[in-house]
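# Analysis of the macromolecular model
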Amino acid sequence: TQQKEPELPFFFGWFLLPEEEERIKCATMDFLKTLDTLEAFKEHISEFTGEAEKEVDLEQYFQNALPLHCTTKFCDYGKAEGAKEYAELLVVKESFSKSDELSVTALIVTPRTFGARVELTETQMKLWPEGADKEGVSPALLPSVESLPAGSRAHVTLGCSAGVESVQTGLDLLEILALQKEGKEGTQVEMELGTLSYLSEGRWFLALREPITADTTFSSFSD
Ligand code: 2AM
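Here goes a summary of the coordinates provided. Residue indices begin from 1 for each chain and proceed along its sequence in written order. Local features in a predicted model are, by the rule used here, given only for residues with pLDDT of at least 70; side-chain atom pairs are given and counted only at 80 or more, and totals for whole chains, interfaces and linings are based on all residues. No hydrogens and no water enter the side-chain calculation; it runs on all heavy atoms of the structure.

## Things to note about the pairing of strand 7 (residues 194-198)
Along strand 7, five of the five residues are buried, which leaves the element largely enclosed by surrounding structure. Strand pairing is defined by DSSP finding a minimum of two bridges between the two strands. Where helices and strands are cited, they refer to DSSP runs of H or I of at least four residues and of E of at least two residues respectively, numbered from the N terminus. Alignment of strand 6 (residues 188-190) against strand 7, held across three bridges, turns out to be antiparallel. From the neighbouring strand, Glu 190 faces strand 7, where its bridge partner is Thr 195. What sits between strand 6 and strand 7 in their antiparallel hairpin is a turn of three residues. Sheet topology note: the strand 7/strand 8 (residues 204-221) ladder contains five bridges and is antiparallel. If you follow Leu 196 over to strand 8, its bridge partner there is Leu 206. Linking strand 7 to strand 8, which pair antiparallel, is a turn of five residues; within it Ser 200 sits at a positive phi near 65 degrees. Three labels apply to residues, based on accessible area from a 1.4 Å probe with only protein chains included: buried if under 20% of the type maximum, exposed if over 50%, partly exposed otherwise in between.

The following block contains the structure:
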């Protein structure tokens, strides 16, 4: 008789507790509401709308369907490379269903995505797959990504613009971090939550004055 393989999930990650999800959504929506009223943002509005004078309601612009989470391993039900190996790691099994606290240190906004940067602790890094930062990264960006600390891609997707897949958030974050490292930061604006910087082509980065923490559960998701 043939033994049936245990099924692999769509992805593994830290999932925000429902009440935390609400709190983070409110706080980050408030930021979006302020952002689209800033003069600095309006100057670059065409990078979002394709037209200079048109206004944009960022709250409507970004949509998110999945529960808020920080993906550790995208498994695609076993089709993704290394999915099975990841699911079998002792640390994955031992951490499964356990609570953990995530620390959000920055927010990013681009014409494609809205996301929260997550700073992983040393313990959390044990659940971060080797090489996850550079998966699907374009050859042009690869050298910069390799020079960033491991875990730089860790994030929570807060929303995507129409037709954009959430995998884009991590790629946008890496691009922003690479530009920062090259000293390519433009306009800076002091906001209540922290310092907002512009990084060309509609990319914005808000470094939070105080990290936002969120209680999560390490688990998996399947549709
Ligand atoms: P995200 O982590 O940026 O939000 C289901 O699509 C989840 O897996 C989403 O959370 C998504 O992006 C993430 N995901 C999809 N494809 C991925 C990939 N190739 N690499 C890493 N994460 C991916």
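Past the structure itself, the notes keep going.
## Quick word on the environment of Tyr 198
Here Tyr 198 is to be found in strand 7. By relative accessible area, Tyr 198 is classed as buried at 9%. Sequence separation between Tyr 198 and Leu 208 is ten residues, and the spatial gap between their C-alpha atoms is 15 Å. Whether two residues are in contact is decided by their heavy atoms, any of which lying within 4.5 Å being enough. Those residues in contact with Tyr 198 that sit more than four places away from it in its chain are His 44, Glu 47, Lys 184, Glu 185, Gly 186, Thr 187, Arg 203 and Trp 204. N or O atoms closer than or at 3.5 Å make up a polar contact, with two conditions inside protein: a donor-capable atom paired with an acceptor-capable one, and, for residues adjacent in sequence, both atoms drawn from side chains. Engagement of the side chain of Tyr 198 in a polar contact is seen with the side chain of His 44, the distance being 3.2 Å.

## Thoughts on empty space enclosed by the protein
With a 1 Å grid laid over protein atoms only, a set of points is called a cavity when a 1.4 Å probe fits there but cannot get out and a pocket when it is open yet has protein on both sides within 12 Å along at least five of seven lines; lining residues have an atom within 4 Å of a point. Grid points are joined across faces, edges and corners, and a volume is the space filled by probe spheres set on the points. For the coordinates displayed, the defined rule picks out one cavity of 30 Å³ or more. Volume-wise, the largest cavity comes out at about 50 Å³. Lining the largest cavity are Leu 16, Ile 24, Leu 102, Val 104, Ala 116, Val 156 and Ala 214. Gly counts as polar in this scheme, as do all residues outside two lists: the nonpolar Ala, Val, Leu, Ile, Met, Phe, Trp, Tyr, Cys and Pro, and the charged Asp, Glu, Lys and Arg. For the lining of the largest cavity, the class distribution of residues is seven nonpolar, no polar and no charged.

## Digging into the site of the ligand
Think of it this way: one heavy atom of a residue within 4 Å of a molecule or strand is enough to make that residue near it. In the vicinity of the ligand, the contacting residues are Phe 10, Phe 11, Leu 66, His 69, Thr 71, Phe 74, His 155, Thr 157, Ser 166 and Val 167. In this structure, Thr 157 approaches the ligand through a side-chain N or O atom, which is 2.7 Å from an oxygen atom. Val 167 places a main-chain nitrogen or oxygen 3.4 Å from an oxygen atom of the ligand. For the ligand, whose free accessible area comes to 460 Å², the fraction covered by protein is 82%. Each molecule is checked against the cavity or pocket grid, and it sits inside if more than half of its atoms lie within 2 Å of the grid points. When atom positions are compared with the pocket grids, the ligand is found to occupy the largest pocket. For the shell around the ligand, the secondary structure elements donating two or more residues are strand 2 (69-74) and strand 5 (155-160). Looking at which element gives the most residues to the shell around the ligand, the answer is strand 2, with three residues. Its residues placed into classes, the shell around the ligand shows five nonpolar, five polar and no charged. Note on areas: Shrake-Rupley, 1.4 Å probe, and residue coverage restricted to the protein chains presented here.

## Side note on the pattern of salt bridges
We define a salt bridge as a contact between a side-chain nitrogen of Lys or Arg and a carboxyl oxygen of Asp or Glu at a distance within 4 Å. The tally for this structure, following the rule as stated, stands at nine salt bridges. One salt bridge connects Asp 172 with Arg 112, and the closest N-O pair in it is separated by 3.1 Å. In this pair, Asp 172 sits in helix 9 (residues 167-181) while Arg 112 sits in the loop between strand 3 (99-109) and strand 4 (113-118), placing the two residues 60 residues apart along the sequence. Since its relative accessible area comes to 0%, Asp 172 is described here as buried. The class for Arg 112 is partly exposed, based on a relative accessible area of 27%. A salt bridge links Arg 203 to Glu 201, with the shortest nitrogen-to-oxygen separation between them at 3.9 Å.

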